Amino acid sequence: MKTPINWKRKRKLAELTALIAAAALGLTACGDGSPDGRNTESAGNSGTGVEERGTGAENESADPGQEGNESGGAFVCVDDGTIRQELTALEVVELMGNGINLGNTMEAYGRNDLGTEAEATRYETFWGQSVTTQEMLDGMKAAGFDTLRLPVAWTNMMAFESGDYTINSAYLDRVEEIAGYARNAGMYVIINDHWDGGWWGMFGSASEDTRKQAMELYKSMWTQIAERFRDYSDYIIFESGNEELGFRLNDTDIAEDSGTLSDDECYTVTNEINQAFVDTVRATGGNNANRFLLIAGFGTDIKNTCSSKYKMPTDSAKDKLLISVHYYDPSGYCINASLSTWGTKQDYQTMNDTLALMTKFTDQGYGVIIGEYGVLLESSGLKENAADYTQNLLNNCDLY
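Residues numbered from 1 in each chain as written. Predicted model: local features only at pLDDT ≥ 70, side-chain atom pairs only at ≥ 80, totals over all residues. Heavy atoms only, no water.

1. Side note on helix H2 (residues 89-96)
Since the α-helix packs 3.6 residues into each turn, any two residues three or four apart lie on the same face.
Part 1: Among the eight residues in H2, seven count as buried, and that is most of the element.
Part 2: Of the positions making up H2, those classed as buried are Ala-89, Leu-90, Val-92, Val-93, Glu-94, Leu-95 and Met-96.
Part 3: One or two positions beyond H2, positive phi appears at Gly-97, with a value near 60°. (Buried < 20%, exposed > 50% of the residue type's maximum accessible area, 1.4 Å probe, protein only. Helix = DSSP H or I, 4+ residues; strand = E, 2+ residues; numbered from the N terminus.)

Encoded structure:
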């Protein structure tokens, strides 16, 4: 197990740099500090226990696959539907290892241009990505990623404005197919509802009816998703939301009269949404009664999530809740061009101190997922010390 360092390392990690350049957004899972099952020395390690049950043809008799799909041919998923009853939230994040987001695909929001009845792959490619294939997921697994986070914009094919919260079956089919690719590759899969056009702002509407409709939409959405994946193994994990569960409940992208929630009310409503998520998924029964559930932190911001105002939901299952936060600090270095370098003693200390705050949750038995992190590219390529930044972040995860 490595520990974070407190001063700039001069060593350049060429292989890690290339890997991070290819992965625009990272994902990592943090457990209770045990190095068992994790090879922290190699970004290419895949020996995390994910493949213990096997992903070969011998498992093809399991049924969560589907008979057909719009990208051509019959598709079979080898997921065997196993739920490891005794496996805890702290233990599973050790097995989940390092992950990658399948960005700009199923969360690409195209309904304003395409309507709600286009082919599912047209939304998937709307932000310029290719149609996802089994070969792509196999390549991600071979590169050392053991978990796929699959962001989704479910309202792309939902006529929710009319009060119809039915997700088009073709869209569910396509998400299930991509999740199946990841399972065939031996990966864990996190499925969420992402920005999704900003419909989340309905929760902050000035209209009580709109706020009620938002909760009805949310519960209906997760009922449909949970029922579709009810028989899958606990390698499928549901995530309650993304960065919108927080102050962005006041967003006006879709609900133009939004913005009515005070800061305290944003916490209250976030807690209510997360509780509704757990209750809704558990109520669908089957494997969902004991599936691992990933609870979005407040705006996925670490400090705001560690506020006493933020509450983890109660759960009928024991030790099956995880918590999700993101890390893009400092934003001038990670997201925009105002900072070109990182790596002072204070930079390291700030990162170390911030990530250490999440022990508040691991101490209570909740596994921690850093669902997004990274240093975005400049036109000239990687920023200085991007590999050092990433290494120190992952060292903190190993430490805690």
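2. Looking at the packing of aromatic side chains
Any aromatic ring pair is given by two values, namely how distant the centres are and how the planes are angled relative to each other.
Part 1: Overall, the coordinates contain 21 aromatic pairs when judged by the stated rule.
Part 2: A centroid spacing of 5.2 Å and a plane angle of 50° characterise the contact between Phe-229 and Tyr-232, whose relative ring orientation is tilted. We note that Phe-229, like Tyr-232, is buried.
Part 3: Geometrically, the ring pair formed by Phe-229 and Phe-238 is edge-to-face, given 6.3 Å between the ring centres and 70° between the ring planes. Here Phe-229 and Phe-238 have matching classes, each one buried.
Part 4: Here the aromatic residues Trp-222, Phe-229, Tyr-232, Phe-238 and Phe-277 are joined through ring pairs into a cluster of three or more. (Phe/Tyr/Trp six-rings, centres within 6.5 Å; stacked < 30°, edge-to-face > 60°.)

3. Things to note about the pattern of salt bridges
Part 1: Overall, the coordinates contain 16 salt bridges when judged by the stated rule.
Part 2: Across the pair Arg-174 and Glu-177 runs a salt bridge whose closest N-O atoms are separated by 2.7 Å. Of this pair, Arg-174 and Glu-177 both sit in helix H6 (residues 169-184), three residues apart, roughly one helical turn.
Part 3: Judged by relative accessible area, Arg-174 falls into the buried class, the value being 1%.
Part 4: A relative accessible area of 2% means that Glu-177 is categorised as buried.
Part 5: One network of salt bridges, with partners in common, ties together Glu-124, Arg-174 and Glu-177. (Salt bridge = Lys/Arg side-chain N within 4 Å of Asp/Glu carboxyl O.)

4. A word on the packing of helix H11 (residues 345-356) against helix H13 (residues 386-399)
Part 1: It is the contact of H11 with H13, at a shortest axis distance of 10 Å, that shows an interaxial angle of 30°. For the element pair H11 / H13, the angle class is roughly parallel. Pair H11 / H13 crosses with right-handed handedness. Of H13, the residues touching H11 (which contributes Tyr-348, Met-351, Asn-352 and Leu-355) are Asp-388, Tyr-389, Asn-392, Leu-393 and Asn-396.
Part 2: Each residue belonging to the contact of H11 with H13 can be placed in one class, and the counts come to five nonpolar, three polar and one charged. (Axes fitted to C-alpha atoms, helices over the stretch in contact; angles between N-to-C directions. Parallel < 35°, antiparallel > 145°, perpendicular 65-115°, else oblique. Left-handed = near helix turned anticlockwise from the far one by under 90°. Contact = heavy atoms within 4.5 Å. Nonpolar A, V, L, I, M, F, W, Y, C, P; charged D, E, K, R; others polar.)

5. Let's talk about the nonpolar core
The nonpolar side chains of a soluble globular protein tend to be buried with one another.
Part 1: Of all hydrophobic cores here, the largest spans 93 residues; its most connected members are Trp-154, Tyr-171, Ile-191, Trp-199, Phe-203, Phe-238 and Leu-393.
Part 2: Discounting residues that sit within four places of it in the chain, Phe-238 has contacts with Ile-191, Trp-222, Ile-225, Ala-226, Phe-229, Phe-277, Val-281, Asn-288, Arg-291, Phe-292, Leu-293 and Leu-294.
Part 3: Within the second largest apolar cluster, 15 residues are counted, among which are Leu-27, Ile-190, Tyr-235 and Leu-294. (Core = buried A, V, L, I, M, F, W, Y, C linked by side-chain atoms within 4.5 Å.)

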